[in-house]
Each structure stands twice: as structure tokens, then as C-alpha cells.
Amino acid sequence: MSKYDLNNSKVNPSARWNEVDHYINSLLLPNDKDLQAALEANAEAGLPSHDVTPNQGKFLQLLLKIQGASRVLEIGTLGAYSTIWMARALPDHGRIVSLESEPKHAAIAQANLTRAGLMHKVDLRVGPALTSLPDIKEEYPEPFDLIFIDADKPSNPDYLRWALRLTRPGSLIIGDNIIRDGEVIHSDSEDARVQGVRTFLECIGDHPHLEATALQTVGSKGYDGFVIARVTDSPVTK
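All values derive from a computational prediction rather than experimental measurement.

Draft legend 1. Local environment of the pattern of salt bridges. This model, assessed by the stated rule, comprises 12 salt bridges. Put simply, R125 and D123 hold a salt bridge, and the shortest N to O gap is 2.8 Å. No difference in accessibility class separates R125 from D123, as the two residues are buried. The salt bridge partner of R193 is D191, with a shortest N-O separation of 2.9 Å. Judged by relative accessible area, which is 24%, D191 ranks as partly exposed. The structure contains a network of salt bridges with shared partners spanning D32, K33, D34 and R88.

In C-alpha cells:
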């Protein structure tokens, strides 16, 4: 029997979410030494525990395979846990450009990617993303098939503007951490991260060439969610 009674309304919700995540992962996700080593290295180095969860990493990987993606841009590398998941979905000629502002994080990410044997698929750039993005546009003239935005939330509207310049009809734009424990509904929030997400979502909703939805999630990282938008070649009827 489970450690927690999932039918008992008095159970701590976070304990329930953790248990369900563990159950799902044990059935659907194989144990992976390189991914586990990346998480351990990130923790030992004192990196923030902001990595996607294993089931979220697998979700990104499946999206790339469904998309048939070969060109990916990731804004926010951290320790490259999500980068590993996505790089594994790419064909041999595929490339993921990953932008990380913190040199310490980038060094850990490079070590994790090297251990996983994936550096040949990754262009890891160090420095503020908004400084790197003009170079990316110049050096990568082919549009990206998928862009994953998982960095500082106040800059999300700027990242979206760049994402629209770097994609094509059919490309996907995914933004992580958009629910903020439900704080996203508060228009008067003084949290710059909440306001950044709100503006980000409003820009997506208002854009004539984006069709999108957002999903709330609960799990081992608590209450959050993501937005997924598809670039269209004609105006979206809403």
C-alpha cells in the first residue's frame, strides 16, 4: 500500500504530487545514469533546483520527436538537465543552441553534456540571452523548429519577441513556469516575475500569428505550468 492514502482529502497535497510523479516516472521513464548524474552534479555545485522534472523533460523530448525537429533554441540552460533530454531527440545533424547567463552554471552544464556524450549537438553560449540573441540570428539563418524559454521571467516578453524573429510557420514556442503557484492571476502583484509572465501570456494571446494554450501542472516541483504556442502562416481566428 502507498505511504500516502491518495483518497484521503487530509493528505498533504505536495506529498500526493510527489508520490504520483514517482509512480508515473517509475512506469514510463527508465533509470538513466547520465540524467541522474547531471542532477547530482547540479545539487553538489549549489545550482538552484529549477530543473524541469523527469516527466517534463520527457514531454519536451517527445514534442521534438513529434515535431521532427533538428534546430532548437533553449533560453536558460542552468545545468543542462533539460538540454540533455532535448539533445537526445535530435538527429545526428541536429543542433540545440542553449543560452546561459551564469558562467558557473554554464561550466556545470558543459561537464554534464560532455559526460552524456552530447556536446557535439550543443552550442552553449555564456552571457545574457538578450546580448547573445542578435548573434544567434546572424549565425543561424535557418529558423528554429522549437524554442524553449526557461530563464528570467521579467525578460519573457523580450524573449518572445526574439522567438518570433527566429521561427517559421509551424515552429513551437514553449514557456515554462507560468503559473507561479497561482500568483499569475494577480494583476496588482509586485513580483516582477509574475508581471513578466502576465505580459508574456498577453503578448501570446494578442499575437495574430500564434495559436496557443497553457496547462497548469502539479508535481514534485509544486504548482506551476507551461504555455505552448504554434506559429501560423495566417492570422488566427480567436
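Draft legend 2. A look at helix α2 (residues 33–44). For α2, which comprises 12 residues, the first-to-last C-alpha distance of 16 Å matches the rise-based estimate of 16 Å (1.5 Å per residue) to within 8%. The inward-facing, buried residues of α2 contact α4 (81–87) and α5 (103–115). One side-chain oxygen of the residue at the start of α2 lies 3.0 Å from the amide nitrogen of D34, identifying that residue as D32. Of the residues flanking the end of α2, it is G46, one or two places downstream, whose phi is positive at about 75 degrees.

Draft legend 3. Here's a closer look at the pairing of strand β7 (residues 222–231). The element β7 is largely enclosed, with a buried count of seven among its 10 residues. In this structure, strand β6 (residues 210–219) lies alongside β7, joined through 10 bridges in antiparallel fashion. When the bridges of β7 are listed, A214 appears paired with V227.

Draft legend 4. Fine view of the packing of aromatic side chains. Scanning all chains against the criterion turns up three aromatic pairs. Taking 5.2 Å as the distance between ring centres and 45 degrees as the angle between the ring planes, the aromatic pair formed by F59 and F226 counts as tilted. With F59 in helix α3 (residues 54–67) and F226 in strand β7, this residue pair connects regions lying 167 residues apart in the sequence.

Draft legend 5. Structural detail: unusual backbone geometry. Residue A80 is not a glycine yet carries a positive backbone phi of 75 degrees. Mapped onto the elements, A80 comes out in the loop between β1 (71–75) and α4. Its relative accessible area of 0% is what places A80 among the buried residues. In this model, R180 sits at a positive phi of 55 degrees, which is unusual for a non-glycine residue. We classify R180 as buried; its relative accessible area is 19%.

Draft legend 6. Just the layout of surface pockets, in detail. If you add up the space inside the largest pocket, you get close to 780 Å³. Surrounding the largest pocket, 35 residues form its lining, H50, D150, A151, K153 and N177 being those nearest its centre. Broken down by class, the residue content of the lining of the largest pocket amounts to 13 nonpolar, nine polar and 13 charged. Taken as a whole, the second largest pocket holds about 420 Å³ of empty space. Taken together, 24 residues make up the lining of the second largest pocket; nearest its centre are T53, N55, Q56, T217 and F226. Those elements that place two or more of their residues in the lining of the second largest pocket are α1 (13–28), α3, β5 (172–176), β6 and β7.

Draft legend 7. A look at the environment of L166. Take L166: it is sitting in the loop between α7 (156–165) and β5. In this structure, the C-alpha to C-alpha distance between L166 and F148, residues 18 residues apart in sequence, is 12 Å. Ignoring anything within four residues of it in the chain, the contact list for L166 reads L73, L133, K137, P143, F144 and I147.

Draft legend 8. Quick peek at the packing of α2 against α5. One way to put it is that α2 packs onto α5 with a least axis distance of 10 Å and a crossing angle of 160 degrees. The angle between the axes of α2 and α5 places the two elements in the roughly antiparallel class. As α2 packs across α5, the resulting crossing turns out to be right-handed. In contact with D34, A37, A38, A41 and N42 of α2, α5 contributes I108, N112 and R115. Counted by class, the contact of α2 with α5 contains four nonpolar, two polar and two charged residues.

Draft legend 9. Broad picture of the sheet that holds β1. Spatial ordering of the open sheet is given by β3-β2-β1-β4-β5-β7-β6, a layout of seven strands whose pairing is mixed. In this open sheet, the two edge strands, each paired with only one partner strand, are β3 (122–126) and β6. When strand polarity is set aside, the average angle formed by the axes of neighbouring strands in this sheet is 15 degrees. Each of β2 (95–100) and β3 is contacted by α5, which is oriented at about 165 degrees to β3, the strand it contacts most. Its contacts with the sheet place helix α6 (residues 129–139) against β1, β2 and β3, and it is angled at close to 155 degrees to β2.

What counts and what doesn't
- Residues numbered from 1 in each chain as written.
- Predicted model: local features only at pLDDT ≥ 70, side-chain atom pairs only at ≥ 80, totals over all residues.
- Heavy atoms only, no water.
- Salt bridge = Lys/Arg side-chain N within 4 Å of Asp/Glu carboxyl O.
- Buried < 20%, exposed > 50% of the residue type's maximum accessible area, 1.4 Å probe, protein only.
- Helix = DSSP H or I, 4+ residues; strand = E, 2+ residues; numbered from the N terminus.
- Expected span 1.5 Å × (residues − 1).
- Contact = heavy atoms within 4.5 Å.
- Polar contact = N/O pair within 3.5 Å; in protein donor to acceptor, adjacent residues only side chain to side chain.
- Pairing = 2+ DSSP bridges.
- Phe/Tyr/Trp six-rings, centres within 6.5 Å; stacked < 30°, edge-to-face > 60°.
- 1 Å grid on protein atoms, 1.4 Å probe; cavity = no way out; pocket = protein on both sides within 12 Å on 5 of 7 lines; lining within 4 Å.
- Points joined across faces, edges and corners; volume = space filled by probe spheres on them.
- Nonpolar A, V, L, I, M, F, W, Y, C, P; charged D, E, K, R; others polar.
- Axes fitted to C-alpha atoms, helices over the stretch in contact; angles between N-to-C directions.
- Parallel < 35°, antiparallel > 145°, perpendicular 65-115°, else oblique.
- Left-handed = near helix turned anticlockwise from the far one by under 90°.

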